[in-house]
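Coordinate inspection notes
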Amino acid sequence: AHLQELVRTRMPFGKYRDRLIADLPGNYLNWMAREGFPAGKLGRLLALMHEIDHNGLSGLLTPLRSPGEGKAAISPRRSKGSSPTPSTSATPKIR
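Please read these numbers as outputs of a predicted model, since none were measured by experiment. Along each chain, numbering runs from 1 in the same order as the chain's sequence is written. Reporting in this predicted model follows two pLDDT cut-offs: at least 70 for local features of residues, and 80 or more for side-chain atom pairs to be given and counted; totals over whole chains, interfaces and linings ignore these cut-offs and use all residues. Side-chain metrics in this entry use all non-hydrogen atoms of the structure; hydrogen atoms and water are not considered.

Think of a pair of aromatic rings as described by two things: how far the centres are apart, and how the planes are tilted against each other in angle. Two rings from Phe, Tyr or Trp (for Trp, the six-membered ring) form a pair when their centres are within 6.5 Å of each other. A pair whose planes differ by under 30 degrees is stacked, one over 60 is edge-to-face, and the rest are tilted. Counted under the stated rule, the structure contains two aromatic pairs. Taking 4.9 Å as the distance between ring centres and 65 degrees as the angle between the ring planes, the aromatic pair formed by Tyr16 and Tyr28 counts as edge-to-face. Here Tyr16 is found in the loop between helix H1 (2–6) and helix H2 (26–35), whereas its partner Tyr28 is found in helix H2, with 12 residues between them in sequence. Measuring from ring centre to ring centre gives 5.9 Å for Tyr28 and Trp31, while their planes differ by 25 degrees; the resulting arrangement is stacked. In this pair, Tyr28 and Trp31 both sit in helix H2, three residues apart, roughly one turn of the helix. For the exposure calls, accessible area comes from a 1.4 Å probe over protein chains only, and a residue counts as buried if that area is under 20% of its type's maximum, exposed if over 50%, partly exposed in between. You can call Tyr28 buried: its relative accessible area is 10%. An aromatic cluster is built from Tyr16, Tyr28 and Trp31, whose rings are joined through pairwise contacts. The numbering of helices and of strands both runs from the N terminus, where a helix is a DSSP run of H or I of at least 4 residues and a strand a run of E of at least 2.

A few words now on the confidence of the model for the protein. Per-residue pLDDT for the protein has a mean of 79; in total, 68% of the residues score no lower than 70. Known as pLDDT, the predictor's confidence for each residue is given on a scale from 0 to 100. Residue contacts are defined here by distance: any two heavy atoms, one from each residue, within 4.5 Å place the two residues in contact. Below a pLDDT of 50 lies the segment residues 68–93, which in the model reaches 10 contacts outside its immediate sequence neighbourhood of four places, other chains included.

Let us look at the nonpolar core. Residues enter a nonpolar core if they are buried and are Ala, Val, Leu, Ile, Met, Phe, Trp, Tyr or Cys, with the set joined through side-chain atoms within 4.5 Å. Within the largest apolar cluster, 17 residues are counted, with the highest numbers of intra-cluster contacts made by Leu6, Met11, Ile21, Leu24, Leu46, Met49 and Leu61. Among the secondary structure elements, those contributing two or more residues to this core are H2 and helix H3 (40–54). A per-element tally of this core places H3 first, with five residues. The residues touching Leu24, leaving out its near neighbours within four places in the chain, are Met11, Tyr16, Arg19, Leu29 and Leu46.

Here it is, written out as structure tokens:
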């Protein structure tokens, strides 16, 4: 739920006002980390985005940006016939 909020919540003030938290530049997030994140939900989201950005994990947010945001983070299930089932004959036997 918190990851989805990063791609839905906009910065309410400052230089990057109205920009999605997920789109804030790393140098700004680093500055916020040094100066101190604001209190409350916004501060928690900024701290989370800072950790994600700092660890190079921003790509985790990509599926959340696609249409149908509520289900984008979950891979669609395959039908029973779409993935091969390993056969017992392909399994090597231990002797």
